[in-house]
Amino acid sequence: MSSEVPPPPPDVADAVGVPGTPGIPGVPGLADVASSAQALRSYLHGLPGVDAVGLEARAAALGTRSIKTTAKAYAIDLAISMIDLTTLEGADTAGKVRALCAKGVRPDPTDRTAPRVAAICVYGDMVATAKEALAAAGGEQVHVAAVATAFPSGRAARRVKLADTAEAVAAGADEIDMVIDRGAFLSGRYLDVFEEIREVRAACVRPDGTRAHLKVIFENGELSTYDNIRRCSWLAMLAGADFIKTSTGKVGVNATPANTLVMLEAVRDFRRATGVQIGVKPAGGIRTAKDAVKYLVMVNETLGDDWLSPQWFRFGASSLLNDLLMQRQKLSTGRYSGPDYVTVD
């Protein structure tokens, strides 16, 4: 199974044209959605409310689905190919990033059939190191994702966030994972968040006119309510996100089945309204193969096959890959090899 990730297709912001131009021409009801702060607020608060009890019951029910052995083997390989293998620590070194890249290219050195991961996710100052390491390992198909915009807090002046993004793109980042200004969103300054996403997206454009893929991180644990997560999903998609992402992995509540389900339903409804497909990335707290399979079942049941590829669904994770590899080895050998048989991140 190949983990090569195709470039994103033309999207809402491309259809709009000039960065910063509000609305989506030709889409009924959305042409003037961001023409003013009041228009955007009215639109977002006009979205249907989330039935929290029903949502959580649905997420829990999907988590009980079981799959057979052959389907499980396929799901494990698919999950591996969807991983953004991540190291985002203050103690990160060039050596650690190189080792992570080698693992991402060949997750199981004893089995060449194991798929590559989708991307290596690092801080911006490690992008060049990751690109070089992937090239040396023959892993040019694996993308490099850089967190940006004052990750994880998002607390910085906009010019600093834009410079952060531009520097990562110049260093070779294929993807940018930006964090929104949660303070602005929670205080109702939706247009500020919208415009910042638009400007960061513009900063992802390279001199040759190509663009780094943009993932927008909400930090669902700080948004507090499912209604806020739905509003934030639509805001980010309207502003031109290629992916919407649950969390940074740096707070107490990160990805959960319920808050991810809100986002899956949002991208489903957004495609119905606009014809544009947006990806989803749950991140933080997904550590076992069992967890990963539950998320894949939820994607399949909510969105269908169209989203079951690394182009449209990712896992932001570090330890998840080890458990997937151990489960993969167990399926092929009948024995559980244990953590000493996989490389330590």
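Please read all numbers here as calculations on a predicted model, not as lab measurements. Positions within a chain are numbered from 1, following the residues in the order the chain's sequence is written. Totals for whole chains, interfaces and linings use all residues, but because this is a predicted model, local features are given only for residues with pLDDT of at least 70 and pairs of side-chain atoms are given and counted only at 80 or more. Only hydrogens and water are set aside; all other atoms, that is, all heavy atoms of the structure, feed into the side-chain values.

Engineer: Sorry if this is basic, but what is going on with the packing of helix α12 (residues 257–274) against helix α13 (residues 289–302) here?
Structural biologist: Describing two packed helices takes the angle between their axes plus the distance from one axis to the other. Every axis corresponds to a line fitted to the C-alpha atoms, with the helix fit spanning only the stretch in contact, and the corresponding angles, defined between N-to-C directions, vary from 0 to 180 degrees. Comment: elements are numbered from the N terminus, with helices defined as DSSP H or I runs of at least four residues and strands as E runs of at least two. The interhelical angle for the contact between α12 and α13, taken along N-to-C directions, is 30°, at an axis separation of 10 Å. Put simply, α12 runs roughly parallel to α13. Considering how the two elements wind past one another, α12 and α13 form a crossing that is right-handed. In this structure, α12 contributes P257, T260, L261, L264, E265 and R268 to the contact, and α13 contributes Y295, M298, V299 and T302. Angle categories are assigned with fixed cut-offs, so that under 35 degrees is roughly parallel, over 145 is roughly antiparallel, 65 to 115 is roughly perpendicular, and the rest are oblique. Take the far helix as the reference: if the near one is turned anticlockwise from it by less than a right angle, the crossing is left-handed, and if turned clockwise, right-handed. By the convention used here, residues are in contact when the closest approach between their heavy atoms is within 4.5 Å.

Engineer: I would appreciate a short explanation of the pairing of strand β4 (residues 175–179) in the present structure.
Structural biologist: Along any regular strand the residues' side chains alternate between the sheet's two faces. Exposure classes here rest on a 1.4 Å probe applied to the protein chains alone. A residue is buried below 20% of its type maximum, exposed above 50%, and partly exposed in between. Summarising burial for β4: 5 of the 5 residues are buried, a large majority. Because side chains alternate across β4, one face comprises the buried residues E175, D177 and V179, and the other comprises I176 and M178, equally buried. Considered for its hand, the β-α-β crossover made up of strand β3 (residues 143–148), helix α7 (residues 158–170) and β4 is right-handed. Two elements, β4 and strand β5 (residues 213–217), share 5 bridges in a ladder whose sense is parallel. What sits directly across from M178, in β5, is V216. Look down the strands so they point away from you; if the path from the first strand over the helix to the second goes clockwise, the crossover is right-handed. We call two strands paired when DSSP finds no fewer than two bridges between them.

Engineer: What am I meant to see in helix α3 (residues 52–62) here?
Structural biologist: Residues spaced three or four apart along an α-helix point in a common direction, a consequence of the helix completing one turn every 3.6 residues. Every buried residue belonging to α3 is among L55, A59 and L62, and all of these are buried. With its buried residues spanning 65° around the axis, α3 presents them on a single face. In protein, a polar contact means a hydrogen-donor-capable atom and an acceptor-capable atom, both N or O and within 3.5 Å, with residues adjacent in sequence counting only if both atoms are side-chain atoms; elsewhere, any N or O pair within 3.5 Å suffices. Between the side-chain oxygen of the N-cap and the backbone nitrogen of V53 there are 3.3 Å, and the N-cap of α3 in question is D51. The arc in question is the one spanned by the directions pointing from the helix axis to the C-beta atoms.

Engineer: How should I be thinking about the packing of α7 against helix α9 (residues 190–203) in this particular structure?
Structural biologist: Two elements in contact, α7 and α9, have axes whose closest approach is 9 Å; the angle formed by their N-to-C orientations is 30°. The angle between α7 and α9 places the two elements in the roughly parallel class. Like other packed secondary-structure pairs, α7 and α9 cross with a definite hand, here right-handed. Residues R158, K161, L162, T165, A166 and V169 of α7 touch α9, and the partners they reach there are D192, E195, E196, E199, V200 and A203. Looking at the contact of α7 with α9 residue by residue, the classes come out as 5 nonpolar, 1 polar and 6 charged. Residue classes follow a fixed rule: Ala, Val, Leu, Ile, Met, Phe, Trp, Tyr, Cys and Pro count as nonpolar, while Asp, Glu, Lys and Arg count as charged, and any other residue, Gly among them, counts as polar.

Engineer: Mind showing me how you'd approach the sheet that holds β4 here?
Structural biologist: Working definition: the strands of a sheet are paired by backbone hydrogen bonds and lie parallel or antiparallel to each other. Within the open sheet, the 8 strands sit side by side as β7-β6-β5-β4-β3-β2-β1-β8. Their pairing is parallel. The two strands at the open ends of the sheet, each matched to only one other strand, are β7 (279–281) and β8 (315–317). Across the sheet, the mean angle from the axis of one strand to that of its neighbour is 25°, orientation sign disregarded. The sheet contact formed by strand β2 (residues 119–123) and β3 spans 5 bridges and is parallel. Of the residues in β3, the one forming a bridge with A119 is H143. Contacting β4 and β5, α9 runs over the sheet at an angle of about 150° to β5. Strands β6 (243–245) and β7 of the sheet are contacted by α12, whose axis makes an angle of about 175° with β7.

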